[in-house]
Amino acid sequence: MEAKEAERVKVDEDRRWRLVNRTMRLHGHQPDALIETLHAVQESFGFLDLDSLKYVADSLHLPLSLVYGVATFYHFFTLKPPGEHTCVICLGTACYIAGSTNMLKAVEKEVGIKPGETTSDGKLSLLTARCMGSCGLAPAVVFDGAIHGKMSSTAVLQNIRRLLNHDD
Amino acid sequence: MSRLKIATTWLDGCSGCHMSFLDIDERLLELSDKIELVYSPLVDMKTIPEGIDLALIEGAVSSEADKNELLKLRANSKILISFGDCAVTANVPGMRNHFSVNDTLSRAYVENSDSGKCLPSVSVPKLIEFARPVHEYVLVDFFLPGCPPPADVIFSTLCELLEGKTPSPITKTRFGA
Amino acid sequence: MRYPSFLQRTADRADVQPVRVLTFSINGVTVSAREDETILTVARQNGISIPTLCHLDGLSERGACRLCIVEIKGSPKLSPACVTLPRQDMEIITHSDRVMDYRRKILELLFTERNHVCSVCVSNGHCDLQALTVELGMTHVHYDYLHPQQMVDASHERFSVDHNRCVLCQRCVRVCDEIEGAHTWDVMGRGHLAKVITDLNEPWGESTTCTGCGKCVQVCPTGALSEKGKSVAEMTKKRLFLPYLKLMRGEEER
Amino acid sequence: MTIEELQEIGKIEKEKQDGFKHRIHVCVAAGCLSCQSGQVKEALEKEVSRRGQESWTSVKGVGCLGLCTAGPMVAIEPDGILYQGVSVSDASDILEALGGPAVSRLDCSAHMPFFTKQKKIVLENCGKIDPESIEDYIAEGGYEGLYNALRIMTPTGVIEQISKGGLRGRGGAGFPTGLKWTAVSKTKSNIKFVVCNADEGDPGAFMDRSVLESDPHRVLEGMAIAGFAVGANYGFIYVRAEYPLAVKRVRTAIARAERLGVLGRNIFNTTFNFDITVRLGAGAFVCGEETALIASIEGRRGSPRPRPPFPSELGLWGYPTLINNVETFANVPPIIRKGGDWFAATGTDKSKGTKVFALAGRVNNTGLIEAPMGTKLREIVFDIGGGILEGRKFKAVQTGGPSGGCIPEQFLDMSMDYESLAKVGSIMGSGGLIVMDETSCMVDVAKFFIEFCMSESCGKCVPCRVGTVQIYNVLKRITEGKGKPTDIGLLEELCDLVKNTSLCGLGQTAPNPVLSTLNYFMDEYRAHIDDKVCPAGTCHFNHTEESQ
């Protein structure tokens, strides 16, 4: 019990938890706040780890397995920490028709990881998306949250190299 | 009336279905008046004859040798029965399907072997990537599931076929049996 | 903003009328039933057996396995008997060639999905899935087997879960939530990657919420959930407690 | 607030805008923003102040101007000049040309059929108003519909107008909106909900996103009117989390509307209260299905449940709930403002009004368009769309996303309405319209969509969960050159099974892309299976691998 209390204090002290706690409070700690709360956790921490899932379950009085089930049902949520940079390749219809799979293959070859994975040095996460609504600009790629339209394999690789070298 | 020409074989199976066949016991004598076993592991016949009336296939298709034997039997037989769970579902032989052939072989011949510790290269048929049921390769006329199918069901199915009836064994046996 | 999210709507609706009795027909035979009884219930009362898998007396209905689909005259859509309420003069057909064909195919799909090797299963001989093959006359599976790699979790001291044999009927999830009230089980992921889990996808044996009551094992239709140390002959499932528990709980709430 | 006060806000805003001799509108919807339109706007503002023209030249960020492919787009009002592909360095030239002839290298007039062939009802304010300004919306007649509904009309009167207008659900199936509203209004309950489905999961569609980003108040107003009509006081907008800009603009819009008193308590001094809350989706296509959407708002896994009971009886937390999509709600304010008869004058016999399409794929003009129901497909592809890229040959157009089908060349002259689309084996869907040319392999397209449905299936019912995997595996081996002659029959059988036995709309429509390509492009399937050739050159067969 004491350990739990200590955990709570730690949680209260961490500023990133404030957004999470605020979200739950706004929803009156009702069960339907779960998805909104998970959004808040992911926004604050970049991903959902088991401790935060436990904390959310505890605070909203929800079963652990239910929280885990919801967190894994929705593809927007990730249970793995993301890399320093992210590259999201859109595989929506328009982008697919415009050859986004070739871009994906080129990137996979360049960095040696598959979609959903992060490079071993933690620098880059490669993701795919189901349409970001930028079909007019197909094929589209998102680098660190910024959408780039009308991409090509060469342009994607250039961007990735730029991202990866920037920090050296 | 000439006797019905029957062929049986076991591909990737444990021979249990054949044992169950023998469990027909004394009724085998009754059957022997009506059937002739022209090709089977139980008789000494090296090549697959032509003009087979009924072929009973035990076991899954796991190797090139299995596949070739099956295709030949199908070509030479009027009726082909998928005999037992391995033939019908790939059953236990199919449990290796989510491992690679190489992993499966190393497990058996290297990891769990006391002597030799090397993969077989001669006189062992080459494994196909997946062990598959018989009907994925050839047309099957009747399915006789069961591990093994009970002797009574084998007997009654054969009798029904001899009488020219269409057997429906699923009401008497089932997967796993 | 204030909305009453904590309220499950109770039965105090103004428009609720006393229950009516309807007459309609199943397979050409006229039957009568309360309007709040499902087609499945009425069919069983009248000795008509409709195959089911996710349904279990005493648990809430899901309408998910689709094996109980029936034809209703005048409707192009097939309706799951377990959740469909009859209407006056409805004409229901439970065993037409069309639905029997679909049922068999759905059952075949279930057999391809995981690794259901009946011959080496602890539930061989008392398995709902296996019994369905006989009931529906399924002689073989003509779709390709998917052969997924699935795990076995034997970390619990008394029970084990073999995901190779799970059909995702969620009976365990429901009984744990609705009857035991522990909600140890749920489903993670989605589509064909869905999987039943305990707590945060942790080993069952380390679950902090599991009471060890074993109800999930008893309701499991296949060998996915079983008791350790039981032979094939001993591993029969005991389910009679369910309707009783449900009834008692209902009385209490009243 | 009274109507006079409302009109006063609009008048002040109008006068303020008319005070500027030149008004420069820069598109700040997501498409143009990703081409740096934000910087372009800044550069224009800087240039205006450098030249000291602030008193007679305004620069304003507006919603989608439509031609996303040519972004960033800039419009000069009141001259009606449109510029395309504007970059930061063009700012001074644009200001130089104000009042005179347009800067020819940026001029967009070559794309004119793209604009003239359209008719805008839903998008009437897109590209005109600042999406973050409620005054701007009011200046264009915004919230007058809500005022009329609350102060002049009765709930049944509102529903009557919607029914008279013949509005049908724009989310896909085209269910008559009036009937849906009637059903909810007739269910007795003290608490009811209105839900706006903005979980635009269809890959290749961005209509809802553009509407929310460009004109969010229109949707809020539509929801409030619906709330009044059916007797609901609570509204939810369920928006995809993948649309952060839309989420932000909707949240801003709600806050402004509440502050002005057009949402919240005692709207327009009546007893009607209406609150709207934003809920974030989290990447699940199945949540477009009504019952799954409800589950998701309740904070659960987005698994659908069998219907009936329909949400109009048993919806959110068990209360009667009205669910319509963004475009449907966006159609409501003009109908109430101008009357059902006015709305019904546009469109075909059974499909009224206009439809917004997200035109994408291999056409010259990709972007957001709105055309009257009944417009010929050819006009959309060749006039509005400007024809196929690089002068290639048209092959097919895909409508309705993963639930729809491919329409081949022989139907180019068909009318785009609910019935005609259904007749050729497709659906209107939410309005994604993907054009394909000879370089698109139809087997590959079918595989793409079934792969989508397979990974988006919630996994609840067996036919959808396993059937889609089976269909995908068959299509995969066909596109790898390993197809068997029996595979066509197997595909047809599996599609029939999944279509007829799945629990919800996702599964029931998942086979459509496969069925329609089988129907119209059997020769391509045959070429893959029999000759091991992909006519479009998309699929690469590894011939060294042994085909089994």
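Residues numbered from 1 in each chain as written. Chains lettered and ligands numbered in written order. Predicted model: local features only at pLDDT ≥ 70, side-chain atom pairs only at ≥ 80, totals over all residues. Heavy atoms only, no water.

What about the interface of chain C and chain D?
The condition that has to hold: When checking whether two residues touch, look at their non-hydrogen atoms; a contact exists if any pair is within 4.5 Å. Summed over both partners, the accessible area (1.4 Å probe) lost when two parts come together is defined as the buried area. The term salt bridge refers to a side-chain nitrogen of Lys or Arg lying within 4 Å of a carboxyl oxygen of Asp or Glu.
At the interface, 39 residues of chain C touch 49 residues of chain D. Between chain C and chain D, the buried area comes to about 3700 Å², and carbon and sulfur atoms account for 55% of it. Summed over the shared surface of chain C and chain D, the result is 4 salt bridges. A salt bridge links Lys105 of chain C to Glu493 of chain D, with the shortest nitrogen-to-oxygen separation between them at 4.0 Å.

A look at the sheet that holds strand 9 (residues 354–361) of chain D
All names here are of chain D. This is how the line gets drawn: Strand pairing is assigned whenever DSSP identifies at least 2 bridges connecting the two strands. Counting from the N terminus, the helices are the DSSP runs of H or I reaching at least four residues and the strands are the DSSP runs of E reaching at least two. All axes are obtained by fitting lines to C-alpha atoms, using only the stretch in contact for helices, and the reported angles, taken between N-to-C directions, cover 0 to 180 degrees.
Read from one edge of the open sheet, 5 strands run 10-9-13-11-12, paired in mixed fashion. If you trace the sheet from one side to the other, it starts and ends with strand 10 (367–372) and strand 12 (405–408), each paired once. Recorded for the sheet is a direction-independent mean angle of 30° between the axes of neighbouring strands. Pairing analysis gives 6 bridges linking strand 9 to strand 10, with the strands arranged antiparallel. When the sheet's bridge partners are listed, Lys355 is paired in strand 10 with Ala371. Contacts between helix 18 (residues 442–456) and the sheet are confined to strand 11 (394–399), strand 12 and strand 13 (432–437), with strand 11 contributing the most and set at about 15° to the helix.

A short note on helix 3 (residues 37–50) of chain D
Residues and elements named next belong to chain D. To keep things clear, this is the line we draw: Here the expected span of a helix is defined as 1.5 Å times the quantity of residues minus one.
For helix 3, spanning 14 residues, the distance from its first C-alpha to its last is 20 Å, which sits close to the expected 20 Å at 1.5 Å a residue. Tucked into the core, helix 3 has its buried residues touching strand 1 (22–27), helix 2 (30–33), strand 2 (57–62), strand 3 (74–77) and helix 4 (91–96). Positive backbone phi, at 65°, marks Gly52, one or two positions downstream of helix 3.

Here we look at the packing of aromatic side chains
The condition that has to hold: Each Phe, Tyr or Trp ring (for Trp, its six-membered ring) is paired with any other whose centre lies within 6.5 Å, and the angle between the two planes then decides the class: stacked below 30 degrees, edge-to-face above 60, tilted in between. Partly exposed residues are those whose accessible area sits between 20% and 50% of the maximum for their type, while under 20% is buried and over 50% is exposed, using a 1.4 Å probe and protein chains only. Two conditions define a charge sitting above a ring: the NZ of Lys or the CZ of Arg must be within 6 Å of the ring centre, and it must be within 35 degrees of the ring normal.
Within the structure shown, the criterion is met by 24 aromatic pairs over all chains. Where Trp17 of chain A meets Phe45 of chain A, the ring centres are 4.9 Å apart and the plane angle is 50°; that geometry is what we call tilted. Here Trp17 of chain A, found in helix 2 (residues 16–26), pairs with Phe45 of chain A, found in helix 3 (residues 34–45); they are 28 residues apart in sequence, far enough to count as distant. Taking relative accessible area as the criterion, Phe45 of chain A reaches 21% and is therefore assigned partly exposed. With centroids separated by 6.3 Å and ring planes inclined at 80°, the aromatic side chains of Tyr74 of chain A and Phe77 of chain A adopt a geometry described as edge-to-face. Each member of the pair, Tyr74 of chain A as well as Phe77 of chain A, carries the same accessibility label: buried. Put simply, the rings of Phe193, Tyr234, Phe236, Trp317 and Tyr319 of chain D pair up and form one aromatic cluster. In this structure, Arg190 of chain C packs its charged tip against the face of Phe73 of chain A, placed 5.6 Å from the ring centre.

A short note on the nonpolar core
What counts here: For this analysis, a nonpolar core means a set of buried residues of the types Ala, Val, Leu, Ile, Met, Phe, Trp, Tyr and Cys, connected via side-chain atoms within 4.5 Å.
Formed by 132 residues in total, the largest nonpolar core has its most connected members in Met73, Tyr143, Trp181 and Phe268 of chain D. Sort the elements by how many residues they give to this core and helix 11 (residues 216–230) of chain D lands first, with 9 residues. Contact partners of Met73 of chain D, with chain neighbours within four places excluded, come to His25, Val26, Cys27, Cys32, Leu65, Leu67, Leu82, Tyr83, Gln84, Cys108 and Phe115 of chain D. Ranked by size, the runner-up nonpolar core spans 131 residues in total, among them Leu109 and Cys127 of chain C together with Leu506 and Cys539 of chain D.

Digging into the side chain of Ser430 of chain D
All names here are of chain D. Our working definition: Within 3.5 Å is the distance limit for a polar contact, defined as a pair of N or O atoms, with the added protein rule that one can donate a hydrogen and the other accept it, and that residues adjacent in sequence qualify only through two side-chain atoms.
Within the element layout of this structure, Ser430 appears in the loop between helix 17 (418–423) and strand 13. Within the structure, the side chain of Ser430 is placed 3.4 Å from the side chain of Asp202, a separation counted as a polar contact. Look past the residues within four positions of Ser430 in its chain and what remains in contact with it is Arg170, Gly171, Gly172, Asp202, Ala205, Met207, Glu327, Lys355 and Val356.

Thoughts on the domain arrangement of chain A
What counts is decided by this rule: Here the bounds of each domain stem from an automatic or database domain assignment.
Considered domain by domain, chain A is made up of domain 1 (3–73) and domain 2 (85–165). Taking only C-alpha atoms, the centre of domain 1 of chain A and the centre of domain 2 of chain A are 30 Å apart.

Focus: the pairing of strand 3 (residues 69–72) of chain C
Residue and element names in this part refer to chain C. Burial along strand 3 is two-sided: Ile69 and Glu71 facing one way and Val70 and Ile72 facing the other are all buried. Alignment of strand 3 against strand 4 (residues 79–80), held across 2 bridges, turns out to be antiparallel. Considered in strand 4, the bridge of Ile69 is made with Pro80. In textbook terms, the turn of a hairpin is the stretch between consecutive antiparallel strands, and for strand 3 and strand 4 this stretch comprises 6 residues, one of which, Gly74, has a positive phi near 90°.

Digging into unusual backbone geometry
A cis amide bond, omega -5°, links Cys147 of chain B with the succeeding residue Pro148 of chain B. Mapped onto the secondary structure, Pro148 of chain B falls in the loop between strand 7 (142–144) and helix 6 (151–162). For His61 of chain A, which is not glycine, the phi torsion reads 55° and is therefore positive. Position of His61 of chain A relative to the elements: it lies in the loop between helix 4 (50–59) and helix 5 (64–73). Assessed through its relative accessible area of 69%, His61 of chain A is described here as exposed.

Regarding the confidence of the model for chain D
Residues and elements named next belong to chain D. Defined as follows: The predictor's confidence in any single residue is recorded as pLDDT, a number from 0 to 100.
Put simply, chain D has an average pLDDT of 92, and 98% of its residues get 70 or more. Confidence drops under pLDDT 50 across residues 544–548; counting only partners more than four residues distant or on other chains, this segment forms 5 contacts. In the model output, the complex is listed with pTM 0.93 alongside ipTM 0.92.

A look at a nonpolar patch on the surface
All names here are of chain B. Just so we agree on the cut-off: Residues forming no salt bridge and having over 30% relative accessible area are the ones grouped into patches, like charges within 9 Å of each other and nonpolar side chains (Val, Leu, Ile, Met, Phe, Trp, Tyr) within 5 Å. Here the accessible surface of atoms and residues is derived via Shrake-Rupley with a 1.4 Å probe, and residues count as covered only by protein chains that are part of the display.
Side chains of Trp10, Met19, Leu22, Leu42, Val43 and Met45 sit close together on the surface and give an oily, nonpolar patch of about 450 Å² of accessible area. Locating Leu22 in the fold gives a position in helix 1 (residues 16–22). Looking at Leu22, the relative accessible area reads 34%, which means it is partly exposed.

Re the packing of helix 20 (residues 487–501) of chain D against helix 23 (residues 522–530) of chain D
The axes of two packed helices give the description: the angle between them and the distance between them. Residue and element names in this part refer to chain D. So the rule is basically this: Any angle that falls under 35 degrees is termed roughly parallel, while one over 145 is termed roughly antiparallel, one within 65 to 115 roughly perpendicular, and all others oblique. Any residue that is not Ala, Val, Leu, Ile, Met, Phe, Trp, Tyr, Cys, Pro, Asp, Glu, Lys or Arg is counted as polar, Gly included; the first ten are nonpolar and the last four charged.
The geometry of helix 20 relative to helix 23 is characterised by a closest axis approach of 11 Å and an angle of 130° between their N-to-C directions. On the basis of their axis angle, the class for helix 20 and helix 23 is oblique. The segment helix 20 lies against helix 23, with Asp487, Ile488, Leu491 and Glu492 engaging Met522, Tyr525, Arg526 and Ile529. Residue composition of the contact of helix 20 with helix 23, by class: 5 nonpolar, no polar and 3 charged.

Remarks on the domain arrangement of chain D
In many reports, interface size means the accessible area that the parts give up when they come together. Residue and element names in this part refer to chain D. You can read the domains of chain D as domain 1 (7–111), domain 2 (142–344), domain 3 (354–437) and domain 4 (442–547). For domain 3 versus domain 4, the separation of C-alpha centres amounts to 23 Å. Contact residues are listed per partner, giving 15 residues for domain 3 and 15 residues for domain 4. At the boundary of domain 3 with domain 4, total buried surface from both sides reaches about 1100 Å², with 67% on carbon and sulfur atoms. The tally of links from domain 3 across to domain 4 stands at 1 salt bridge. Among the salt bridges present, the one from Lys395 reaches Glu524, with a minimum N-O distance of 2.7 Å. Here domain 3 is connected to domain 4 by 5 residue pairs in polar contact (both at pLDDT 80 or more). Sorting the residues of the side of domain 3 that touches domain 4 by element identifies strand 11 and strand 12 as the ones contributing at least two each. Broken down by class, the residue content of the side of domain 3 that touches domain 4 amounts to 7 nonpolar, 7 polar and 1 charged.

What to know about the environment of Gln42 of chain A
Residues and elements named next belong to chain A. Along the chain, Gln42 falls in helix 3. In this structure, Gln42 is in contact with Phe47, Leu48, Phe76, Phe77 and Thr78, ignoring residues within four places of it in sequence. Reaching out from Gln42, the side chain makes a polar contact with the backbone oxygen of Phe76 at a distance of 2.8 Å.

Looking at a negative patch on the surface
Residue and element names in this part refer to chain B. Just so we agree on the cut-off: His is not counted, nor are the chain ends; Lys and Arg add positive charge and Asp and Glu add negative charge. The atom standing in for a charge is NZ when the residue is Lys, CZ when it is Arg, CG when it is Asp and CD when it is Glu.
Together, Asp23, Asp25, Glu26, Glu30 and Asp33 make up a negatively charged patch on the protein surface. By secondary structure assignment, the location of Asp25 is in the loop between helix 1 and helix 2 (27–32). We classify Asp25 as partly exposed; its relative accessible area is 45%.

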